[in-house]
Amino acid sequence: MTFIETRGNDGVKPAEVTFSQAILSPSASFGGLYVPKKLPTLDFDFFKAHSNSHYKELCKALFEKFDVDIAEVDLNAALDRYDAFDDPNDPVPLKKVEDDAFVSELWHGPTRAFKDMALQPFGYILSKLAEKRKEHYLIMAATSGDTGPATLETFKNASNVKVACLYPGGGTSDVQRLQMVTEEANNEKVIGINGDFDDAQTALKSLLASDSFKAKLQESNTQLSAANSVNFGRIIFQIIYHVHSYLELVKRGEISLGETVYLVVPSGNFGNALGGYYAKKMGLPVEKILISSNINNILTDLITKGEYDLTCKSLIQTTSPAMDILKSSNVERILFDKFGSSRTKQLMDDLAENGKYKLTHEELEILREDFDATFSSDEEGKEVIAEYAKKGYIMDPHTATCFKAYKNLRKKSLKTIIYSTAEWTKFSPTVCEALGREVERDLDALKWISEKFNVPVPKMIAELFEKPIVHKTVIDKEKIEEEILKFI
Ligand SMILES: *Cc1c(COP(=O)(O)O)cnc(C)c1O
């Protein structure tokens, strides 16, 4: 399998690259992204053969279909990362919450958010590729929440990779901050920035664009790479759980093979939803993918009106911060898949020049063949959390946004898979408030919820509050470059 570019080729970069090239150098011509040249297909026999497969076996079968240039031993070792999930036999449990609604819990990995699903095996593969090529990479991340901890966790003590992670000094939950600043690994540096997430993000972007910074890195024989969700190496792992959750419904007799289902995906950068779209396109019987957002509802506008307009929006902080996103990168891969590279380039150029683009009526119809979308306010989310807590299911605020889509968007009474992207323990003060009690600190919220609703706090979260703080650096953004170079 080879990979091509969403905005066409500039005549300088190679016209096609391999999987490992797309992983190591994820930026394509004209600022585009890499996409598979042709998706493999999954037929009835494939699903039948794998209706009882272990998650890892299904991963291997899918990778075989994609035919990528990763050695089998390396893929196997990467997939062994799922053995550290709560239940190695069932790393992605599916919980029935209504007669026709099932929550697929994607957060049973080490950092309690769905980023682990892809970043855990991806981190192993990237580091292994670097080692084999005798190359050294610096992965930089700016994070407001889940990406930082998951990136640090997957690369800790990895060979040939260093990680510098920037977080806003005053802008993360206690749990998220502690997950970063207590991470003990010689190859990782966590830096707090005086400011908010935008400041951290802006600082990162200016470093990534700085030639002098790159030159200094080169002196230490280090190249820059990225582990954000535009890297196809992450996307491929996000196709698998959609197939797995579907087959789980078949296995339990909830549906028969071939019956279609709805998928509800809480979306920000659209990586999770893209995985579902690729699965559908490859042959998974999916009726529609229902996109849920918070009040940063630019995806709802795109999917219901065909408009992507940044000029009339500014980012609003919500209680589902991982979805506080206006520039949703992976939408570009959908545009490419539907409308081709020249139209994609035109739309993305419009966005860069005018802050917006608009699909034609026909294009919107085509998009809506696979997607529908809606959004929830924080208040609506809290009501959902309270409603399901009464029925015995505790969920986080990102997952809670899905239930409005589940209730309002389905046109047929089909079984529905709802993706849960974080454990409640990562956002416990919000969950606590939804359940009728206001607390300031994560620790108090964790205790109260755990006792009152009889749900466990996993060891890795409870232990965070006891661990020594390893990374104490909190600096002004002007000092970041110096700090990172010192670390390299
Ligand atoms: C990253 C994240 C999302 C958004 O996922 P995308 O693939 O970027 O759309 C949703 N919820 C949580 C908890 C996340 O960490």
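Residues numbered from 1 in each chain as written. Predicted model: local features only at pLDDT ≥ 70, side-chain atom pairs only at ≥ 80, totals over all residues. Heavy atoms only, no water.

Quick notes on the UniProt feature "modified residue: N6-(pyridoxal phosphate)lysine" (unreviewed entry) in the chain
Right, so step 1: With numbering aligned to this structure, UniProt lists the feature "modified residue: N6-(pyridoxal phosphate)lysine" (unreviewed entry) at K115.
Right, so step 2: Locating K115 in the fold gives a position in helix α5 (residues 115-132).
Right, so step 3: In this structure K115 comes out as buried when scored by relative accessible area, which is 13%.
Right, so step 4: In this structure, K115 is in contact with Q120, D146, T147, A150 and R234, ignoring residues within four places of it in sequence. (UniProt positions renumbered as here; feature names shortened; annotations may be inferred. Helix = DSSP H or I, 4+ residues; strand = E, 2+ residues; numbered from the N terminus. Buried < 20%, exposed > 50% of the residue type's maximum accessible area, 1.4 Å probe, protein only. Contact = heavy atoms within 4.5 Å.)

Some words on helix α7 (residues 174-181)
Right, so step 1: Counting buried positions along α7 yields seven of eight residues, so the element is predominantly enclosed.
Right, so step 2: For α7, the secondary structure elements touched by its buried residues are α6 (147-155), β6 (161-168), β7 (188-193), α21 (442-453) and α22 (459-462).

Re the packing of helix α13 (residues 298-305) against helix α16 (residues 361-368)
Right, so step 1: Closest axis-to-axis distance for the α13/α16 pair is 8 Å, and the angle between their directions is 110°. Of the possible angle classes, the one that applies to α13 and α16 is roughly perpendicular. Together, L302, I303, T304 and K305 of α13 and L364, L367 and R368 of α16 make up the contact between the two elements.
Right, so step 2: For the contact of α13 with α16, a count of residues per class yields four nonpolar, one polar and two charged. (Axes fitted to C-alpha atoms, helices over the stretch in contact; angles between N-to-C directions. Parallel < 35°, antiparallel > 145°, perpendicular 65-115°, else oblique. Nonpolar A, V, L, I, M, F, W, Y, C, P; charged D, E, K, R; others polar.)

Structural notes on the pairing of strand β4 (residues 101-105)
Right, so step 1: Within β4, five of the five residues are buried, which leaves the element mostly enclosed by the surrounding structure.
Right, so step 2: By the alternation rule, side chains of β4 split into A101, V103 and E105 and F102 and S104, which are all buried.
Right, so step 3: Of the pairings in the sheet, the one linking strand β3 (residues 94-98) to β4 comprises four bridges and is antiparallel in character. For K96, the partnering residue across the bridge sits in β4 and is F102.
Right, so step 4: Linking β3 to β4, which pair antiparallel, is a turn of two residues. (Pairing = 2+ DSSP bridges.)

Considerations on empty space enclosed by the protein
The gaps left among the atoms become clear once a water-sized probe is rolled over them.
Right, so step 1: All told, the structure shown has three cavities of 30 Å³ or more when counted by the stated rule.
Right, so step 2: Lining the largest cavity are 13 residues, and of these T319, S377, D378, G381 and P397 sit closest to its centre.
Right, so step 3: The biggest single contributor to the lining of the largest cavity is helix α17 (residues 378-390), with four residues.
Right, so step 4: For the lining of the largest cavity, a count of residues per class yields three nonpolar, eight polar and two charged. (1 Å grid on protein atoms, 1.4 Å probe; cavity = no way out; pocket = protein on both sides within 12 Å on 5 of 7 lines; lining within 4 Å. Points joined across faces, edges and corners; volume = space filled by probe spheres on them.)

Re the site of the ligand
Right, so step 1: Inspection of the region around the ligand gives 15 residues, with K115, D146, G268, N269 and T421 positioned closest.
Right, so step 2: Contact distances for the ligand include 2.9 Å between an oxygen atom and a backbone N or O atom of N272.
Right, so step 3: With respect to the ligand, the side chain of T421 contributes an N or O atom lying 2.8 Å from a nitrogen atom.
Right, so step 4: When the ligand sits alone it has 380 Å² of accessible area, and the protein chains cover 96% of it. (Near = heavy atom within 4 Å. Polar contact = N/O pair within 3.5 Å; in protein donor to acceptor, adjacent residues only side chain to side chain. Areas by Shrake-Rupley, 256 points an atom, 1.4 Å probe, with all protein chains shown as cover.)

Details of the sheet that holds strand β14 (residues 416-420)
Right, so step 1: Read from one edge to the other, the open sheet built from six strands follows the order β3-β4-β14-β9-β10-β13, with strand pairing classed as mixed. Two strands in the sheet have a free side with no partner beyond their single neighbour: β3 and β13 (371-375). When the angles between neighbouring strand axes are averaged without regard to direction, this sheet yields 25°.
Right, so step 2: Relative to strand β10 (residues 286-293), strand β9 (residues 261-266) runs parallel, the two being bridged by six bridges. When the bridges of β10 are listed, L263 appears paired with I289.
Right, so step 3: Each of β10 and β13 is contacted by α13, which is oriented at about 140° to β13, the strand it contacts most.

Examining the side chain of E363
Right, so step 1: Mapping E363 onto the fold places it in helix α16.
Right, so step 2: For E363, a relative accessible area of 10% translates into the label buried.
Right, so step 3: At 2.7 Å, the side chain of E363 forms a polar contact with the side chain of R343.
Right, so step 4: Residue contacts for E363: discarding those within four places in its chain leaves F339 and R343.

Looking at the pairing of β7
Successive side chains on a regular strand alternate, one facing one side of the sheet and the next facing the other.
Right, so step 1: Counted residue by residue, β7 has six buried out of six residues, so it is predominantly covered.
Right, so step 2: Burial along β7 is two-sided: the face carrying E188, V190 and G192 and the face carrying K189, I191 and I193 are both buried.

Some words on the packing of α5 against helix α11 (residues 237-251)
Right, so step 1: The interhelical angle for the contact between α5 and α11, taken along N-to-C directions, is 135°, at an axis separation of 8 Å. Classed by the angle they form, the pair α5 and α11 counts as oblique. In the crossing of α5 with α11, the sense of the turn from one axis to the other is right-handed. Here M117, A118, P121, F122 and I125 of α5 lie close against α11, whose contacting residues are F237, Q238 and Y241.
Right, so step 2: Residues that form the contact of α5 with α11 fall into these classes: seven nonpolar, one polar and no charged. (Left-handed = near helix turned anticlockwise from the far one by under 90°.)

Considerations on the environment of V35
Right, so step 1: With respect to the helices and strands, V35 occurs in strand β2 (residues 34-36).
Right, so step 2: Classification of V35 by relative accessible area gives buried; the value is 2%.
Right, so step 3: When the C-alpha atoms of V35 and T202 are compared, they prove to be 27 Å apart, with 167 residues separating the residues in sequence.
Right, so step 4: Once residues within four sequence positions are removed from consideration, V35 is found in contact with T2, F3, I4, T6, Y278, R333 and F336.

Things to note about the packing of aromatic side chains
Right, so step 1: In the structure shown here, the tally under the stated rule is 17 aromatic pairs.
Right, so step 2: With 6.0 Å between their ring centres and 85° between their planes, F46 and F47 make a pair best called edge-to-face.
Right, so step 3: With a relative accessible area of 3%, F47 lands in the buried category.
Right, so step 4: With centroids separated by 5.2 Å and ring planes inclined at 45°, the aromatic side chains of F63 and F237 adopt a geometry described as tilted. Taken together, the residues span a long stretch of sequence, with F63 in helix α3 (residues 55-66) and F237 in helix α11 at a distance of 174 residues.
Right, so step 5: For F63, a relative accessible area of 4% puts it in the buried group.
Right, so step 6: An aromatic cluster is defined as three or more aromatic residues linked by ring pairs; in this entry it consists of F3, F19, F63, F232, F237, F270, Y277, Y278 and F371.
Right, so step 7: Seen from the ring of Y388, K391 lies directly overhead, with NZ or CZ sitting 4.3 Å from the centre. (Phe/Tyr/Trp six-rings, centres within 6.5 Å; stacked < 30°, edge-to-face > 60°. Lys NZ or Arg CZ within 6 Å of the ring centre and 35° of its normal.)

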